Amino acid sequence: MILTARRPHLLAVVALTLLLGGCASPADRAAMTPQNLTVSKHYPYSLRVQTGGGAETGAMDSSNVSDADLKAAIEDAVVHSKLFTTIVQGSNGDYELSVRLTSLSKPVFGGTFTVDMETAWSLTKTSDRSVALRKSVKTSGTATMGDAFAAVTRLRMAVEAATRNNIEQGLKAVAELNL
Amino acid sequence: MKRLLKLAALLGLVTVLTTGCAVNRATANVDPSANLSSLKTMYVKRVAEDDNTYNLIADKLRSKGVTVSTGTEAAPSGVDAVVTYIDKWMWDMTMYMLELTINIRDPKTDFPLATGNSFHTSLTRLSPTEMVNEVVDNIYKGAK
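Residues numbered from 1 in each chain as written. Chains lettered and ligands numbered in written order. Predicted model: local features only at pLDDT ≥ 70, side-chain atom pairs only at ≥ 80, totals over all residues. Heavy atoms only, no water.

**Here we look at the overall build of chain A**
Note the cut-off: Secondary structure is summarised from DSSP: a helix means a run of H or I of at least four residues, a strand means a run of E of at least two, and numbering begins at the N terminus for each. Think of it in three bands: residues with accessible area under 20% of the maximum for their type are buried, residues over 50% are exposed, and the middle band is partly exposed, with areas taken using a 1.4 Å probe on protein chains only. We call two residues contacting when some pair of their heavy atoms lies within 4.5 Å. Here the accessible surface of atoms and residues is derived via Shrake-Rupley with a 1.4 Å probe, and residues count as covered only by protein chains that are part of the display.
When helices and strands are tallied, chain A shows 5 helices and 5 strands. Listed N to C, the secondary structure of chain A is α-α-α-β-α-β-β-β-β-α in terms of helices and strands. When the 179 residues of chain A are sorted by exposure, 48% land in the buried category. Put simply, of all contacts in chain A between residues at least 6 apart along the chain, 73% involve residues at least 24 apart. By element, 55% of the accessible surface of chain A is carried by carbon and sulfur atoms, the whole surface being about 8,200 Å².

Written as structure tokens, this is what we have:
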């Protein structure tokens, strides 16, 4: 009886909790790929990309970035920007790019979600193992209620934006090198 | 007042129902060009609001044979690595450490040489000491 009489209030509370709270939805690799990335250099070399530090998104977890999706997004961005001639799998590329996700700070509740990300980028020349680049790349991504009303979507969008910005900054740092 | 309490109870119930399952994650990775065994002196950069986690990290690293100093200021010159961390806490009956990320960094460039992360939700919570032990042990397991 009490529940019925006060249903509008209770429903409002439940709806608010569900909308502001977050739950599982993995970051999408296409949405993590920077679009229209232009770089100043086009290296005549092949590149192997390896990633680490990512995590799968569990059923009751919040949005994460998996190693496979991060790798695919970086490879797609390299191909589209023509930063390197080709992407290779295995160990026979001219250069090896290692990108490790070292920190992904996500809010658990709120209206506007801002996600902070840090990755460690290192580029190694395969032939002599010389390190051409070692860089910490810190970025953030924000999604508001205007971007998505459901928290689960909003958090995923913030993670994707942080990753997209991160890949863009990392590849621009690579493009500033003289290989 | 009663109505407010009922609403709060329902809010709590919904929160528990939507976030209460156990999630466990423990990962670590070391940069391919890094050699952790060569890092003999480290500086744990204390987060200003933290009152104990930095001590647990320092003690654990000392057990690995590392000479460790701590502080909130910039790292002193001459250390082989700077250790930074992010500890995220949550309340469920009592406060517990939900997530701990530790980075071992190059003191000159801030580059993360090695990283470890552990995430345990309430039902499988670990004590702060256990969280630190798990993260640091996983980092050293990942070292060449």
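Next comes the rest of the description.
**Some thoughts on the packing of aromatic side chains**
Aromatic ring pairs are described here by two measures, namely the spacing of the ring centres and the angle between the planes. Condition: Two rings from Phe, Tyr or Trp (for Trp, the six-membered ring) form a pair when their centres are within 6.5 Å of each other. A pair whose planes differ by under 30 degrees is stacked, one over 60 is edge-to-face, and the rest are tilted. A ring is considered to have a charge above it if a Lys NZ or an Arg CZ atom is located within 6 Å of its centre and within 35 degrees of its normal.
With the rule as written, the count across this model stands at 3 aromatic pairs over all chains. Plain terms: the ring middles of Tyr 43 of chain A and Phe 84 of chain A are 5.3 Å apart, the flat faces sit at 50° to each other, and that makes the pair tilted. In this pair, Tyr 43 of chain A is assigned in strand β1 (residues 43-52) and Phe 84 of chain A in strand β2 (residues 84-88), connecting sequence segments 41 residues apart. Like Tyr 43 of chain A, the residue Phe 84 of chain A is buried in the burial classification. Linked through ring pairs, Tyr 43, Tyr 45, Phe 84 and Tyr 95 of chain A together constitute an aromatic cluster. A cation over a ring is seen here: Arg 25 of chain B above Phe 119 of chain B, with NZ or CZ 4.7 Å from the ring centre.

**Brief notes about the nonpolar core**
We apply this condition: For this analysis, a nonpolar core means a set of buried residues of the types Ala, Val, Leu, Ile, Met, Phe, Trp, Tyr and Cys, connected via side-chain atoms within 4.5 Å.
Within the largest apolar cluster, 38 residues are counted, with the highest numbers of intra-cluster contacts made by Val 65, Leu 83, Phe 84 and Leu 123 of chain A. When neighbours within four sequence positions are excluded, Val 65 of chain A is seen to be in contact with Ala 27, Met 32, Gly 54, Ala 55, Leu 70, Leu 101, Leu 104, Met 117, Val 159 and Thr 163 of chain A. One finds Leu 36, Leu 39, Val 44 and Ile 57 of chain B within the second-largest nonpolar core, a separate group that totals 29 residues.

**Digging into unusual backbone geometry**
Residue Asn 36 of chain A is not a glycine yet carries a positive backbone phi of 55°. Checked against the element boundaries, Asn 36 of chain A lands in the loop between α3 (29-32) and β1. Although it is not a glycine, Met 93 of chain B adopts a positive phi angle of roughly 70°. Mapped onto the fold, Met 93 of chain B is located in the loop between β4 (81-92) and β5 (94-105).

**Section: the sheet that holds strand β5 (residues 131-143) of chain A**
All names here are of chain A. Spelled out, the test is: In this scheme, strands are said to pair when DSSP sees at least two bridges between them. Lines fitted to C-alpha atoms define the axes here, with helix axes fitted over just the stretch in contact, and angles between the N-to-C directions of these axes take values from 0 to 180 degrees.
An order of β2-β1-β3-β4-β5 is seen for the 5 strands of this open sheet, with the pairing classed as mixed. Of all strands in the sheet, those bounded by a partner on one side alone are β2 and β5. The sheet shows a mean angle of 30° between the axes of neighbouring strands, direction not considered. Here 6 bridges tie β1 to strand β3 (residues 95-105), and the two strands are oriented parallel to one another.

**Remarks on helix α4 (residues 67-81) of chain A**
Residue and element names in this part refer to chain A. Note the threshold: The span you would expect from a helix comes to 1.5 Å times its residue count less one.
End to end, α4 covers 21 Å across 15 residues, agreeing with the expected 21 Å (1.5 Å per residue, within 8%). Along α4, the positions that sit buried rather than exposed are Asp 69, Leu 70, Ala 72, Ala 73, Ile 74, Glu 75, Ala 77, Val 78 and Ser 81. Where α4 is buried, its residues meet α3, β1, β2, β3 and α5 (151-175). Just beyond α4, the residue with positive phi is Lys 82, at close to 60°.

**With respect to helix α3 (residues 128-142) of chain B**
Quick reminder: α-helices carry 3.6 residues per turn. Residues three or four places apart thus point the same way. Residues and elements named next belong to chain B. What counts here: What the arc covers is the set of directions going from the helix axis to the C-beta atoms.
In this model, α3 (15 residues) spans 21 Å end to end at C-alpha, consistent with the 21 Å of a helix rising 1.5 Å per residue. Those residues of α3 that fall on the buried side of the exposure criterion are Met 131, Val 132, Val 135, Val 136, Asn 138 and Ile 139. The buried side chains of α3 occupy one side of the element, clustering within an arc of 155° when seen end-on. Against the buried residues of α3 lie β1 (24-30), α2 (53-62), β5 and β6 (112-120).

**With respect to the sheet that holds β5 of chain B**
Note on sheets: strands pair through backbone hydrogen bonds, and any given pair is parallel or antiparallel. Residue and element names in this part refer to chain B. Strand order in the open sheet formed by 6 strands is β1-β6-β5-β4-β2-β3, and the pairing between neighbours is mixed. Looking at which strands have only one partner, the edges of the open sheet turn out to be β1 and β3 (67-71). On average, each strand axis in the sheet is inclined to that of its neighbour by 20°, with strand direction left out of account.

**Remarks on the pattern of salt bridges**
Here is the rule: Take a side-chain nitrogen of Lys or Arg and a carboxyl oxygen of Asp or Glu: if they are within 4 Å of each other, that pair is a salt bridge.
In the structure shown here, the tally under the stated rule is 15 salt bridges over all chains. Notably, a salt bridge pairs Glu 96 of chain A with Arg 48 of chain A, separated by 3.6 Å at the nearest N-O pair. A residue pair is termed long-range when its members are at least 10 positions apart, and Glu 96 of chain A in strand β3 and Arg 48 of chain A in strand β1 qualify at 48 residues. A relative accessible area of 9% means that Glu 96 of chain A is categorised as buried. Exposure remark for Arg 48 of chain A: the relative accessible area of 23% places this residue in the partly exposed category. Note that Lys 64 of chain B and Asp 137 of chain B form a salt bridge whose closest N and O atoms lie 2.8 Å from each other. Of this pair, Lys 64 of chain B sits in the loop between α2 and β3 while Asp 137 of chain B sits in helix α3, and the two are 73 residues apart along the sequence. Members of the salt-bridge network, linked through shared partners, are Glu 118 and Lys 138 of chain A together with Arg 105 and Asp 110 of chain B.

By themselves, these are just geometric observations and shouldn't be taken as functional.
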